[in-house]
Number of protein chains: 4
Amino acid sequence: MAGSTYGKHFQITTWGESHGKGIGVVVDGCPAGLALCENDIQEYLDRRKPGKSKYSTQRQEGDKVEILSGVFEGRTTGTPISLIVFNEDQRSRDYGDIASYYRPGHADYTFDEKYGFRDYRGGGRSSGRETIGRVAGGAIAIKILNELGISLLTYSRAIGPVTIPQTANDLLSAWERHNIYRSLHEIQELILGNPLYMPDKESSKKAREYLDECMKHTDSAGGIVEGIITGVPAGIGEPVFDKLDANLAKAIFSIGAVKGFEIGDGFAAATAKGTENNDNFCINNGQITTATNHAGGILGGISSGAPIIFRAAFKPTPSVASTQQTVNKSGEEISISIHGRHDPIIVPRAVVVVECMAALTLVDLLLENMGAKMEDLKKRYSCT
Amino acid sequence: MAGSTYGKHFQITTWGESHGKGIGVVVDGCPAGLALCENDIQEYLDRRKPGKSKYSTQRQEGDKVEILSGVFEGRTTGTPISLIVFNEDQRSRDYGDIASYYRPGHADYTFDEKYGFRDYRGGGRSSGRETIGRVAGGAIAIKILNELGISLLTYSRAIGPVTIPQTANDLLSAWERHNIYRSLHEIQELILGNPLYMPDKESSKKAREYLDECMKHTDSAGGIVEGIITGVPAGIGEPVFDKLDANLAKAIFSIGAVKGFEIGDGFAAATAKGTENNDNFCINNGQITTATNHAGGILGGISSGAPIIFRAAFKPTPSVASTQQTVNKSGEEISISIHGRHDPIIVPRAVVVVECMAALTLVDLLLENMGAKMEDLKKRYSCT
Amino acid sequence: MAGSTYGKHFQITTWGESHGKGIGVVVDGCPAGLALCENDIQEYLDRRKPGKSKYSTQRQEGDKVEILSGVFEGRTTGTPISLIVFNEDQRSRDYGDIASYYRPGHADYTFDEKYGFRDYRGGGRSSGRETIGRVAGGAIAIKILNELGISLLTYSRAIGPVTIPQTANDLLSAWERHNIYRSLHEIQELILGNPLYMPDKESSKKAREYLDECMKHTDSAGGIVEGIITGVPAGIGEPVFDKLDANLAKAIFSIGAVKGFEIGDGFAAATAKGTENNDNFCINNGQITTATNHAGGILGGISSGAPIIFRAAFKPTPSVASTQQTVNKSGEEISISIHGRHDPIIVPRAVVVVECMAALTLVDLLLENMGAKMEDLKKRYSCT
Amino acid sequence: MAGSTYGKHFQITTWGESHGKGIGVVVDGCPAGLALCENDIQEYLDRRKPGKSKYSTQRQEGDKVEILSGVFEGRTTGTPISLIVFNEDQRSRDYGDIASYYRPGHADYTFDEKYGFRDYRGGGRSSGRETIGRVAGGAIAIKILNELGISLLTYSRAIGPVTIPQTANDLLSAWERHNIYRSLHEIQELILGNPLYMPDKESSKKAREYLDECMKHTDSAGGIVEGIITGVPAGIGEPVFDKLDANLAKAIFSIGAVKGFEIGDGFAAATAKGTENNDNFCINNGQITTATNHAGGILGGISSGAPIIFRAAFKPTPSVASTQQTVNKSGEEISISIHGRHDPIIVPRAVVVVECMAALTLVDLLLENMGAKMEDLKKRYSCT
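Being a predicted model, the structure only gives us computed values, none of them experimental.

Draft legend 1. Quick look at the overall build of chain A. What chain A contains, in helices and strands, is 11 helices and 18 strands. Relative to its length of 384 residues, chain A is compact, with a C-alpha radius of gyration of 22 Å against a globular reference of 21 Å. Structurally, chain A occupies a C-alpha span of about 70 × 45 × 35 Å along its principal axes. The burial tally for chain A puts 68% of its 384 residues in the buried class. For chain A, the share of sequence-separated contacts (at least 6 apart) that also reach a separation of at least 24 residues comes to 71%.

Draft legend 2. Representation of the interface of chain B and chain A. Contacts between the two partners involve 105 residues from chain B and, on the opposite side, 105 residues from chain A. Between chain B and chain A, the buried area comes to about 8400 Å², and carbon and sulfur atoms account for 60% of it. A salt bridge links lysine 250 of chain B to aspartate 242 of chain A, with the shortest nitrogen-to-oxygen separation between them at 2.5 Å. Summed over the shared surface of chain B and chain A, the result is 44 residue pairs in polar contact (both at pLDDT 80 or more). Class assignment of the residues belonging to the side of chain B that touches chain A gives a composition of 47 nonpolar, 36 polar and 22 charged. Sheet analysis places strand S11 (residues 258-263) of chain A next to strand S11 (residues 258-263) of chain B, joined by three bridges and oriented antiparallel.

Draft legend 3. Local environment of the interface of chain C and chain B. Taken together, the 25 residues of chain C in the interface contact 25 residues of chain B. In total, chain C and chain B occlude about 2500 Å² of area from one another, counting both sides; carbon and sulfur atoms represent 64% of this. Contact with chain B buries surface across chain C, with Met370, Met374 and Tyr381 of chain C losing the most and accounting together for 28% of the total. On the surface where chain C and chain B come into contact, there are four salt bridges. Lysine 378 of chain C serves as the salt-bridge partner of glutamate 147 of chain B, at 2.7 Å between the closest nitrogen and oxygen. Our count for the chain C to chain B interface comes out at 17 residue pairs in polar contact (both at pLDDT 80 or more). Of all elements in the fold, only helix H4 (131-147), helix H10 (347-368) and helix H11 (374-380) of chain C reach the threshold of two or more residues within the side of chain C that touches chain B. Counting residues per element, the side of chain C that touches chain B draws most heavily on H11 of chain C, which supplies five residues. Residues belonging to the side of chain C that touches chain B are distributed by class as follows: 15 nonpolar, four polar and six charged.

Draft legend 4. Highlighting the side chain of threonine 13 of chain D. With respect to the helices and strands, threonine 13 of chain D occurs in strand S2 (residues 11-16). Judged by relative accessible area, threonine 13 of chain D falls into the buried class, the value being 2%. Of the polar contacts made by the side chain of threonine 13 of chain D, one reaches the side chain of threonine 5 of chain D; its length is 2.9 Å. Setting aside residues up to four positions removed in sequence, threonine 13 of chain D forms contacts with Thr13 and Val26 of chain B together with Ser4, Thr5, Gly24, Val25 and Val26 of chain D.

Draft legend 5. Broad picture of the environment of asparagine 293 of chain A. Residue and element names in this part refer to chain A. Topologically, asparagine 293 is positioned in the loop between strand S13 (287-290) and strand S14 (298-299). Assessed through its relative accessible area of 9%, asparagine 293 is described here as buried. With 13 residues separating them along the chain, asparagine 293 and alanine 306 place their C-alpha atoms 7.2 Å apart. Setting aside residues up to four positions removed in sequence, asparagine 293 forms contacts with Asn169, Asp279, Ala306, Pro307 and Ile309. Reaching out from asparagine 293, the side chain makes a polar contact with the backbone nitrogen of glycine 297 at a distance of 2.9 Å. Polar side-chain contacts of asparagine 293 include one of 2.9 Å to the backbone oxygen of proline 307.

Draft legend 6. Main features of the relation of the copies chain B and chain A. Here chain B sits on chain A after a turn of 180 degrees about the axis and a move of 0.0 Å along it, with an RMSD of 0.0 Å. Put plainly, the chains are arranged around a two-fold axis. When C-alpha distances to the rotation axis are compared across chain B, the minimum falls at lysine 250 of chain B, with a value of 2.4 Å. Mapped onto chain A, 100% of the interface residues of chain B are again interface residues, and the two copies thus contact each other with one and the same surface.

Draft legend 7. Here's a closer look at the packing of aromatic side chains. Going through the model one piece at a time under the given rule, you end up with 34 aromatic pairs over all chains. Geometrically, the ring pair formed by tyrosine 120 of chain A and phenylalanine 72 of chain C is edge-to-face, given 5.2 Å between the ring centres and 90 degrees between the ring planes. Taken together, the positions of tyrosine 120 of chain A in the loop between helix H3 (108-115) and helix H4 (131-147) and phenylalanine 72 of chain C in strand S5 (residues 71-72) put the pair across two chains. With a centroid separation of 5.2 Å and 75 degrees between ring planes, the pair formed by tyrosine 102 of chain C and tyrosine 109 of chain C is classed as edge-to-face. Of the aromatic side chains, those joined through ring pairs into one cluster are Tyr102 and Tyr109 of chain A together with Phe281 of chain B. One residue, arginine 75 of chain A, lies across the ring of phenylalanine 117 of chain C, its end atom 3.9 Å from the ring centre.

Draft legend 8. Representation of the side chain of lysine 315 of chain A in the model. Considering the arrangement of structural elements, one finds lysine 315 of chain A in the loop between strand S16 (308-314) and strand S17 (323-327). No salt bridge is formed by the buried lysine 315 of chain A; the nearest opposite charge belongs to aspartate 279 of chain B, separated by 7.3 Å. Engagement of the side chain of lysine 315 of chain A in a polar contact is seen with the backbone oxygen of glycine 105 of chain A, the distance being 2.9 Å. Once residues within four sequence positions are removed from consideration, lysine 315 of chain A is found in contact with Gly105, Ala221, Gly222, Ala257 and Lys259 of chain A together with Ala269, Asn277 and Leu299 of chain B.

Draft legend 9. Fine view of the pattern of salt bridges. Counting across every chain of the model gives 92 salt bridges over all chains. With its nearest N and O atoms 2.7 Å apart, the salt bridge here joins glutamate 262 of chain C to arginine 311 of chain C. Of the two residues, glutamate 262 of chain C is situated in strand S11 (residues 258-263) and arginine 311 of chain C in strand S16 (residues 308-314); the sequence distance between them amounts to 49 residues. As far as burial versus exposure is concerned, glutamate 262 of chain C and arginine 311 of chain C are alike and both buried. Residue aspartate 108 of chain D is joined to arginine 103 of chain D by a salt bridge in which the shortest nitrogen-to-oxygen separation is 2.8 Å.

Draft legend 10. Local environment of the sheet that holds strand S2 (residues 11-16) of chain C. Residues and elements named next belong to chain C. Taken in spatial order, the five strands make up an open sheet running S1-S2-S3-S7-S4, and their pairing is antiparallel. Unpaired on one side and paired on the other, strand S1 (5-6) and strand S4 (65-67) mark the two borders of the sheet. Note: strand S3 (residues 22-28) against strand S7 (residues 81-86), six bridges, orientation antiparallel. Of the residues in S7, the one forming a bridge with isoleucine 23 is valine 85. Where helix H1 (residues 38-48) meets the sheet, its contacts fall on S4 and S7, and the angle it forms with S4 comes to roughly 150 degrees.

Draft legend 11. Quick peek at the packing of helix H8 (residues 244-253) of chain B against helix H10 (residues 347-368) of chain B. Residue and element names in this part refer to chain B. Contact geometry for H8 and H10: axes closest at 9 Å, N-to-C directions at 145 degrees. Seen from above, H8 lies across H10 with right-handed handedness. Taking contact as the criterion, the partners of Leu244, Asn247, Leu248, Ala251 and Ile252 in H8 are, on H10, Val354, Met357, Ala358, Thr361, Leu362 and Leu365. Within the contact of H8 with H10, the residues separate by chemical class into nine nonpolar, two polar and no charged.

Draft legend 12. Spatial organisation of unusual backbone geometry. Residue valine 240 of chain A follows proline 239 of chain A across a cis peptide bond; omega there is 0 degrees. By the secondary structure assignment, valine 240 of chain A is in the loop between strand S10 (223-230) and helix H8 (244-253). A positive phi is found at aspartate 63 of chain B, a non-glycine position, where the angle reads about 55 degrees. With respect to the secondary-structure elements, aspartate 63 of chain B resides in the loop between helix H1 (38-48) and strand S4 (65-67). Taking relative accessible area as the criterion, aspartate 63 of chain B reaches 1% and is therefore assigned buried. The backbone phi angle of asparagine 285 of chain D is positive, close to 55 degrees, even though this residue is not glycine.

Criteria and thresholds
Residues numbered from 1 in each chain as written. Chains lettered and ligands numbered in written order. Predicted model: local features only at pLDDT ≥ 70, side-chain atom pairs only at ≥ 80, totals over all residues. Heavy atoms only, no water. Helix = DSSP H or I, 4+ residues; strand = E, 2+ residues; numbered from the N terminus. Rg over C-alpha atoms; globule rule 2.2 N^0.38 Å. Buried < 20%, exposed > 50% of the residue type's maximum accessible area, 1.4 Å probe, protein only. Contact = heavy atoms within 4.5 Å. Buried area = accessible area lost by both parts, 1.4 Å probe. Salt bridge = Lys/Arg side-chain N within 4 Å of Asp/Glu carboxyl O. Polar contact = N/O pair within 3.5 Å; in protein donor to acceptor, adjacent residues only side chain to side chain. Nonpolar A, V, L, I, M, F, W, Y, C, P; charged D, E, K, R; others polar. Pairing = 2+ DSSP bridges. Least-squares fit on C-alpha atoms with pLDDT ≥ 70 in both. Phe/Tyr/Trp six-rings, centres within 6.5 Å; stacked < 30°, edge-to-face > 60°. Lys NZ or Arg CZ within 6 Å of the ring centre and 35° of its normal. Lys, Arg positive; Asp, Glu negative; His and termini not counted. Axes fitted to C-alpha atoms, helices over the stretch in contact; angles between N-to-C directions. Left-handed = near helix turned anticlockwise from the far one by under 90°.

None of this, on its own, says anything about what the molecule does.
See the structure below:
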């Protein structure tokens, strides 16, 4: 029933349907004193906004965010921050068709089975527009992380069968060699210049060719989003159920269309041997670190200080104009063809959603870890 | 901090370290009136017990479970069920070495960073013995599911690079053709006859050869566990954060050594096209169903009634006798070699842990869904 | 930090400050299929609206509620219901004074200590306007309860030192004798005709005289709200921490200005003897019931089927125009006098807030109890 | 269903029935590095142990606690602490009677209604023995509070109609004049010398006379427990639902037999005027404080730094040997008389339970508050 809240300390509660009055989120548990304005959030909403290339839906959605509470004189007050985006561009049209049958790959049938009926307009609550609340809340989480010296970078690792050849560790090394390691946000800006958000020109070109081919055949594509987080202090994550990787897995898997998630070497670790997969500890600049990063920065569910690396697999957009077989509410088998302005691929737009869910998870666990040791409490409450 | 509780309704709280007095779990929220005795639970603990083949540690662990509360005259009372397994076979030995350095691939370093120190004996809380609490609680969840006509089956899909050729859907079809579809538990019994729990003889043979080779070189292996759940009613899972797949992802990812998780076609869906990946709805025996099951039984985070199919990737056991480089607590780089009775692969023993975590997740969401519709409340509280 | 969410199943998350853009609530976990429109909610908001008698603030607040999500074609969809009331009548004025010192009896000082600063306009988040979210969410809970045959009635038991002479049980007996027992809502309507919501004419008259006296001396008054809930099935409440009385206590005590809470005979039970306080069981019309109701309808934290009776003590309004001593932010002792449009007593307006918090608690625990027995699950998921 | 866990950060999960194998608690979220041994906990369990005066049951219960996990080399490790007390003195006797009817004032009927049946031996889960888990967990919370300079003191304010004449503020002033203000624990030791734990000799004598009279007539008594907490930093408590007073109310009200709870002046505040009830702020030794403490140390749900003062009303023990009317499971009205070794009053034994529940609440909210401000996070994670 109540499944619209995520997080224990830094908690978001999202609401809203595709064609209702709006979409919003209440962010509760945000520490007081963070400088925050609407532009800080708008920047991230703009990254998920459609219509920026021919590979996303041509719907026009302004998606302007308003802060309704929790910010006073430019700073968060510690009280809940309510954010709203009013819906626009809701064409008045006949939804009779979509109301009467179950689109393959969509949640029409399961919503009907669960609740007895559904708001069928534009997918209702299961629409991709639901992610607006995640991104608005996540933008605040990212701002907090940045103030703590933590950077996130997410991008398209694969578009359909086209995968960039570099590993995340390769990319990090390359950026480090070019002295840009500490500003992942700048790298993000560069990547965002690319319509598919792929950090490799050759792959991006091939991917666009692949998508052009898909669109020609009124078909759609999936892909893989990869994320890197640097600057995370060691010690974050709560054994044994609220491990950093377990919570990331849930957060990312709760995004519609995600079908797989992995940390570090992920599924490839299953075929490696122990001697290959273990990351030896070593001393670097007087600091304990690991010589390699197969683990993706997490050991025993707790951050090790190494970059956190993860990937999410997205299925292809289920809305395709090709003819499909399905069933209507009267229990008859029918043929349908879904028209309208749909994304031929959602991966590029999903990149920022993945980043936001990861940030929300991390802020939540940073707060959870505040009192891990008695000395933390003593320092906080000034007992000597 | 408090990360040892899983579930919202059917809630387990686990405790215990590898070399402490025991390991246990409190199961809270179990419906009253379930027939339950220690043997019901012991059956599952025996499946995770080591020493059953040469591919698992030769430590002898009795792992006898005791029910301390919550059961009266053979039935659950609705009050918390406390289960305990006392630790045995705790060789008195010198842990000085292991206390002073950080084993690669283990949580030694991250526990020290988080808590300031650690119980280093046998891995303490990050030991695989921690899963005893999960299995003991999960056994009760499985019993509930069985009473509701829901069956689970888990097995080794891959051992190192050796993967069974059949998909989960292939296996289901084969079993269905042989009229054994409804008794996955019987199939499980057959698979358990095989020391690696692989449902394919040829693959199992190759996998044993691979493991023999690993052991000869004092190395270790990983693998993939696959799970199938049948009989789940449509409508289970809570949008948008407590989706069935999101909660499964968290539950499975919270098991030590898991590095990847996927549902249905998983990562393969990322390379498919929409027309290939969509499961068309059809009518079968008067029931709405899907012609294929790429989705793995979940749409929009809600069960569709089709079999739920998922996979988890396990990394190779980090404890290997080969020489490794690491760092000690004084910050010196050293060479170590880990001796003792370690599993060359944990995948076969992890199979039941995966099954139990999946069952816990499912019972929790079945309870959550009890009041999804007003008519459910009216029926329950007899208002007409 | 994150303290703005109440409930586990039927969950409200409130947001908003007195002089921000608005006040709102997200209601998550509402069962699908409940008929709901804005008027259903407005009715309850109107009961807490100021300006209806000379005993409440003369501020004009329209407090018109809008449903932003979760309702489709007149029925709840099972997805989060977002409700908003935009703020009006925010006089542009100089808050310099109030910003610089700490009003006695208010949360100015504690908010500053906790968060480092505060939104001082009109009390910010600690304003009584915060209860709008509770009432909007509670109105939905009341609607659910009514559909299940459960009725709530709340009223002023005491205004300052003036207390009605009848006990709640007396009132129930009287109403029963007049055949109006089953429609507590009708009784509520009668009581609401009285400006102080006291169900006794003589007491109401004395109370108004007392308040007139208070106002003449620029002073304020407190009082006691009493609530009665009938029709609650036996079995509601979760031992040992989520008992019905414990959760009611928390819910009611979370309302600003509440300083005491009791169930049944409450503090009077402390002076009674066991033989006086025990409610003997008896058979009435073939049903098990109790001959008396000292317990207030709850035994061992679980509803017994008898009417639930509780009381909450409210302190006098802290904003008084009389001169008071206090301290400013520079640490100087100063004299102040608080002017503005303040309630000389909040008890009558708090009556509906108490009713709503009780309803929220009860719906939450009714949902929690849905799967208390294995047979409940079997019925729900049709296993035979 | 799952109602046996209390706390969000410092979380206890209790289990066990009166006549099962034992009673226990899992304490999760305890900060690492707290010195802890079994004696630290035993001290508090001994305070609730029966048989210490003629005013408590003459049952002999050893109630020896064992630490099963979470402590290594004398310090907490940050992992869950499992505590167990095995049951003894379970006389083998015929419970046939008690199983077949519903004792007035007990939870027999409500447990049967909720769960379909109950463990009737000695009250099962609704027995007072359930509080062992609360006290064992609370003892750890008290140890943490003491390390932070926070002291708790609880005692009997009233036994039946006999009430001590001094207010909590009177007592605090007296102790302060005698220079013993800072060591409430020492005062507790003095009070514990008194069999009824009343901090006033004359009242204690009268109370014993009253109880002697009750016992002569095979009747029982109730009373009021009062608690004082000093040294709490300002800023603790989470608006708007997890207020310090709201959480204390729930914690205390979850103890069996509690029927009322109040903070500061409590119900008396309802009859006061605003000018009487407001606590003026003033400067004392350069610190902001209040001249009076009608509020009991909490404003807007947040601690103000002043002593926290609260009271709980306990009903008289329901088990009395006098003849009572009730109903059996066959629906027949019968007469019963309850024999056995019952407490004629539970208030003195409940004193430590109240103290423990208050301590658990406070530690939980101290942890919750750790990241209230951005600067707290920056300090903790060393960002400059």
